[in-house]
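# Architecture at a glance
Each chain is listed here by its residues.
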Amino acid sequence: MATYAIGDIQGCYDQLQQLLEQIEFSDADRLWIAGDLVNRGPNSLDTLRFLKELGERATIVLGNHDLHLLAVHYGKTHQRRSDTLQAILDAPDREELMHWLRHQPLLAVDKELGYAMVHAGIPPAWSLKTARKRAKEVEEVLQSELAEEYFANMYGNQPDRWHPELTGWDRLRLITNYFTRMRFCDDAGTLELKAKGGLDTQPEGFQPWFHHERKADRYPILFGHWAALEGYAESDNVFALDTGCIWGNQLTAMRLEDRALFSCSCAILRRDV
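Residues numbered from 1 in each chain as written. Predicted model: local features only at pLDDT ≥ 70, side-chain atom pairs only at ≥ 80, totals over all residues. Heavy atoms only, no water.

On the basis of which strands lie adjacent, the open sheet formed by five strands has the order β3-β2-β1-β11-β12 and mixed pairing. Each end of this open sheet is capped by a strand with a single partner; those strands are β3 (58-60) and β12 (260-265). Here the average twist between neighbouring strands, direction ignored, is 20°. As paired elements, strand β1 (residues 3-6) and strand β2 (residues 30-33) share four bridges and run parallel to each other. Across the sheet, residue Ala 5 finds its bridge partner in β2, namely Trp 32. (Pairing = 2+ DSSP bridges. Helix = DSSP H or I, 4+ residues; strand = E, 2+ residues; numbered from the N terminus. Axes fitted to C-alpha atoms, helices over the stretch in contact; angles between N-to-C directions.)

Printed below as a string of structure tokens:
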């Protein structure tokens, strides 16, 4: 049995199947998916259905595109020009799929494997114990009758810095942004959410979240979200899994038992999505 961690699939179902065939994925194996299952790629519906059918063999964390799909589903925002979500919205099993997606976590930790996984990152000042508590705050709301109100208040870049006295939707929005949108932050944990380039594009006064001294260092951290890194975080015990499949680059899997990497080409995909 092996466990394979894969970065942002974003609806690239055919490439996912190609990668699984390459690694000879069997019924005894498991997948870890670092969020952004859907959107921009050509087949988000089959991607969702496949991962849902894996049941307990799939460990999944939510990414910003997954949360965006849920917000569209609940009528709290509109589709963007680049969205490719309509097939899901028209599907007969839409409600079942959205219920399943809404019950996925923001942070996954496996003590036996010795890994933690999140879509974007963990604030440097948070220990893993603190991060799990903060993630749970959002997850409980997502899975409750308050979910629709959460999606109505999810979008925005403020507040941009953690304070324990934050309350209400401001608190949940910032926690969400840390886990699903963060790339650069400063020493105090202030987010810079506009910059999306590689490590050589960091704004003055900011660094990649994983270049700060981190309290959440008990287990190696797996994350996606940042295609411009091309799979290289240049930091100990942090593994970047988004290798830009949707941009025509590669879809990559890391076997957690020995950290071996496997990739398939996504060159046939459009680069202007």
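Before going further, it helps to spend a moment on the pairing of β1. Burial of β1 is two-sided: the residues Thr 3 and Ala 5 facing one way and the residues Tyr 4 and Ile 6 facing the other way are all buried. Considered for its hand, the β-α-β crossover made up of β1, helix α1 (residues 13-22) and β2 is right-handed. Across three bridges, the pairing between β1 and strand β11 (residues 250-255) is antiparallel. Counted as the bridge partner of Ala 5 is Met 254 from β11. (Buried < 20%, exposed > 50% of the residue type's maximum accessible area, 1.4 Å probe, protein only. Right-handed = clockwise from strand over helix to strand, strands pointing away.)

A few words now on the layout of surface pockets. Remark: the empty space left among the atoms is shown by a probe the size of a water molecule rolled over them. Here the largest pocket defines a volume of roughly 690 Å³. Taken together, 29 residues form the lining of the largest pocket, with Asn 64, His 65, Arg 183, Lys 196 and His 225 sitting closest to its centre. Residue composition of the lining of the largest pocket, by class: eight nonpolar, eleven polar and ten charged. Around the second largest pocket sit 15 residues that line it, and Gly 231, Tyr 232, Ala 240, Thr 252 and Leu 261 are the ones nearest its centre. At the level of elements, β10 (238-240), β11 and β12 are the ones that each hand at least two residues to the lining of the second largest pocket. Its residues assigned to classes, the lining of the second largest pocket shows eight nonpolar, five polar and two charged. (1 Å grid on protein atoms, 1.4 Å probe; cavity = no way out; pocket = protein on both sides within 12 Å on 5 of 7 lines; lining within 4 Å. Points joined across faces, edges and corners; volume = space filled by probe spheres on them. Nonpolar A, V, L, I, M, F, W, Y, C, P; charged D, E, K, R; others polar.)

The element helix α2 (residues 44-53) is largely enclosed, with a buried count of seven among its ten residues. Among the residues making up α2, those that are buried are Ser 44, Leu 45, Thr 47, Leu 48, Phe 50, Leu 51 and Lys 52. Each element contacted by the buried residues of α2 is listed here: α1, β2, β3, α3 (64-73), α4 (86-89) and α5 (94-102). Just beyond α2, the residue with positive phi is Gly 55, at close to 60°. (Contact = heavy atoms within 4.5 Å.)

Viewed as axis vectors pointing N to C, helix α6 (residues 128-142) and helix α8 (residues 168-180) meet at an angle of 115°, and their least axial separation amounts to 10 Å. Considering only the axes of α6 and α8, their crossing is left-handed. In contact with Ala 131, Arg 134, Ala 135, Glu 137, Val 138 and Val 141 of α6, α8 contributes Trp 169, Arg 171, Leu 172, Ile 175, Thr 176 and Phe 179. (Left-handed = near helix turned anticlockwise from the far one by under 90°.)

As a further point, take the pattern of salt bridges. Taken as a whole and judged by the stated rule, the model has nine salt bridges. Asp 110 is paired through a salt bridge with Arg 30; the nearest N and O atoms lie 4.0 Å apart. Separated by 80 residues along the polypeptide, Asp 110 in strand β4 (residues 107-110) and Arg 30 in strand β2 bring together distant segments of the chain. Its relative accessible area of 22% is what places Arg 30 among the partly exposed residues. (Salt bridge = Lys/Arg side-chain N within 4 Å of Asp/Glu carboxyl O.)

A separate point is the state of the cysteines. Applying the stated criterion across every chain yields a total of one disulfide. A sulfur-sulfur separation of 2.5 Å characterises the disulfide bridge that pairs Cys 245 with Cys 266. Classification of the bridge connecting Cys 245 and Cys 266 rests on its S-S torsion, roughly -95°, and on that basis the disulfide is left-handed. One end of the pair, Cys 245, is in the loop between β10 and β11; the other, Cys 266, is in the segment after β12, and 21 residues separate them in sequence. (Disulfide = S-S within 2.5 Å.)

One can find Arg 173 in helix α8. Judged by relative accessible area, Arg 173 falls into the buried class, the value being 11%. If we ignore the near neighbours within four places in the chain, the residues touching Arg 173 are Asn 153, Met 154, Tyr 155, Gly 156, Gln 158 and Pro 159.

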